[in-house]
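Residue-level structure breakdown
Letter by letter, the chains look like this.
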Amino acid sequence: MISGVLSGRAWARVGALASLAYCFRRRRVVSAEQRAADGQRPVDRSLLQLKMVQVVFRHGARSPLKPLPLEEQVEWSPQLLEVPPHTQIDYTVTNLAGGPKPHSSYDSLYHKTTLKGGMFAGQLTKVGMQQMFALGERLRKNYVEAIPFLSPSFKPQEVFIRSTNMFRNLESTRCLLAGLFQRQKEGPIVIHTDEASSEVLYPNYQNCWGLRQRTRVRKEAAALQPKISEDLKKVKEGIGVDSSDELDFLILLDNVAAEQVHSLPSCPMLKRFAQVIEQRAVDTALYILQQGDRESLQMAVGPFLHLLENNLLKAVDPTTPPGKARKLYLYATHDVTLMPLLLVLGTYDHKWPPFAVDLIIELYQHQESKEWFVQLYYHGEEQVPRGCPDKLCPLDTFLNTMSVYSLSPEKYNRLCSQAQEMEIGNEE
């Protein structure tokens, strides 16, 4: 079990930003009223200037995290790990303060599981590397070729990169950068990461006691839901797994998705149940997250939302020193990050986030009115965030949506420990 208390060191102090947000929102209210009086004229997009882009993405295709208890196992050959030369680009990994890379407890755990064929669990494959390179090329097309927003080669002053401390995510980021900048760089590429005990780029069940308790109870309850339990029984019988085996739809989907994307021969019955498996995995995750439970979503992605929110506020703050606000922020995350994030934004499509999927938050400023707007994309498709009147969303409206779930380090620590303190008090 990963222990430790979340430190506030990962985030900047936000008193000044909070004041800025208040003043900014007041100005926008006046502007909105003026637009209403004018008959709600649509925004002239030709007068919008792109100021900042944030990309939250899932790593590329990988081997399963846990093999299925089947007699005939899929073979995961090390040949699947071959690195395509065009995805190569040098990078350095540091902690958030610029010091040495932290130890990865997750990678150590994955190396304890060897799959049939010789690969370890959770390893990024050649397919995954190609997926991430393709995502980088798409970003290059949008932000280098279509408009001259980013430089054609990597410049440290333009891009900030953060990843969870897992090798598949670090390598996924490498491939994305190779595609985005065509392996050209004018300075060192540094990927920032954090200790597992204080990571906020995924729901930190080990560190957040309140989230861990709610998740454990709800996961057990989800397995007892009629549709989930009945379908799980059918799938187990179909693939020849004993009903007493600890196997759920999350593990099943993890294997099915990995086998399908690599076109590996799988159990015929597993293929037959593929659609049911994904649906019930989504149902299980939604039951655990419970969209109506604001505190659970806050504990899951509140600190990460706080980072995204602060990046937006720094970008619109005229007093932000040069170099403190980057043009591009890249965050290498996981499916368990994107699901609650999409729920919070009101854009979840009730499908499991696939490998290499991306969520993009673009920030624009109108060159005449000086108003700020946000444009959201998921998997390359435009989205309308919760509470927004259109795909092009006024920044204050978008910030209002985020603020309902965003948590500062102090509030996150307090919320995570609140339930534990109550239970200890009851025991006394």
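Preceding this section is the structure that the text describes.
Quantities reported herein were computed from a predicted structural model and do not represent experimental measurements. (Residues numbered from 1 in each chain as written. Predicted model: local features only at pLDDT ≥ 70, side-chain atom pairs only at ≥ 80, totals over all residues. Heavy atoms only, no water.)

**A closer look at the overall build of the chain**
Check the secondary structure of the chain and you find 13 helices and nine strands. Across the 428 residues that make up the chain, the buried fraction comes to 52%. Contacts in the chain between residues at least 24 apart in sequence constitute 79% of all its contacts with a sequence separation of at least 6. (Helix = DSSP H or I, 4+ residues; strand = E, 2+ residues; numbered from the N terminus. Buried < 20%, exposed > 50% of the residue type's maximum accessible area, 1.4 Å probe, protein only. Contact = heavy atoms within 4.5 Å.)

**As for helix α3 (residues 126–145)**
Taking 1.5 Å of rise per residue, the 20 residues of α3 would be expected to cover 28 Å, and the 26 Å separating its terminal C-alpha atoms lies within 8% of that figure. Against β1 (48–58), α4 (167–181) and β6 (358–366) lie the buried residues of α3. (Expected span 1.5 Å × (residues − 1).)

**Digging into the packing of helix α7 (residues 249–261) against helix α9 (residues 274–289)**
Two numbers describe how α7 lies on α9: the axes approach to 9 Å, and their chain directions differ by 135°. The orientation of α7 with respect to α9, classified from their angle, is oblique. In this structure, the crossing between α7 and α9 has a hand that is left-handed. In contact with Phe-249, Leu-250, Leu-252, Leu-253, Val-256 and Gln-260 of α7, α9 contributes Ala-274, Ile-277, Glu-278, Arg-280, Ala-281 and Thr-284. Residues that form the contact of α7 with α9 fall into these classes: eight nonpolar, two polar and two charged. (Axes fitted to C-alpha atoms, helices over the stretch in contact; angles between N-to-C directions. Parallel < 35°, antiparallel > 145°, perpendicular 65-115°, else oblique. Left-handed = near helix turned anticlockwise from the far one by under 90°. Nonpolar A, V, L, I, M, F, W, Y, C, P; charged D, E, K, R; others polar.)

**A few points about the state of the cysteines**
Here the structure, examined in full by the defined rule, presents two disulfides. A sulfur-sulfur separation of 2.0 Å characterises the disulfide bridge that pairs Cys-208 with Cys-416. Disulfide Cys-208-Cys-416: torsion about the S-S bond near -100°, hence left-handed. A residue pair is termed long-range when its members are at least 10 positions apart, and Cys-208 in the loop between β4 (190–193) and α5 (209–222) and Cys-416 in helix α13 (residues 409–427) qualify at 208 residues. (Disulfide = S-S within 2.5 Å.)

**Comments concerning the environment of Lys-227**
Within the secondary structure layout, Lys-227 lies in helix α6 (residues 226–239). Taking the C-alpha atoms as reference points, Lys-227 and Asp-283, separated by 56 residues in sequence, lie 9.4 Å from one another.

**Here's the deal with unusual backbone geometry**
Backbone phi values are negative for most residues with the exception of glycine, while trans is the configuration of most peptide bonds. A positive phi angle, near 50°, is found at Gln-182, a position not held by glycine. As for its position among the elements, Gln-182 is in the loop between α4 and β4. Relative accessible area serves as the criterion here: at 35%, Gln-182 is assigned to the partly exposed category. If you check the backbone angles, His-379 has positive phi at about 55° while not being a glycine. Within the element layout of this structure, His-379 appears in the loop between β7 (372–378) and β8 (381–383).

**Observations concerning the packing of α9 against helix α11 (residues 335–345)**
Where α9 meets α11, the closest approach of the two axes is 11 Å, and the angle between their N-to-C directions is 65°. Considering the angle they form, α9 stands roughly perpendicular to α11. Relative to α11, α9 is oriented so that their crossing is right-handed. Across the interface between the two elements, Ala-285, Leu-286 and Leu-289 from α9 touch Met-339, Pro-340 and Leu-343 from α11. Considered class by class, the residues forming the contact of α9 with α11 number six nonpolar, no polar and no charged.

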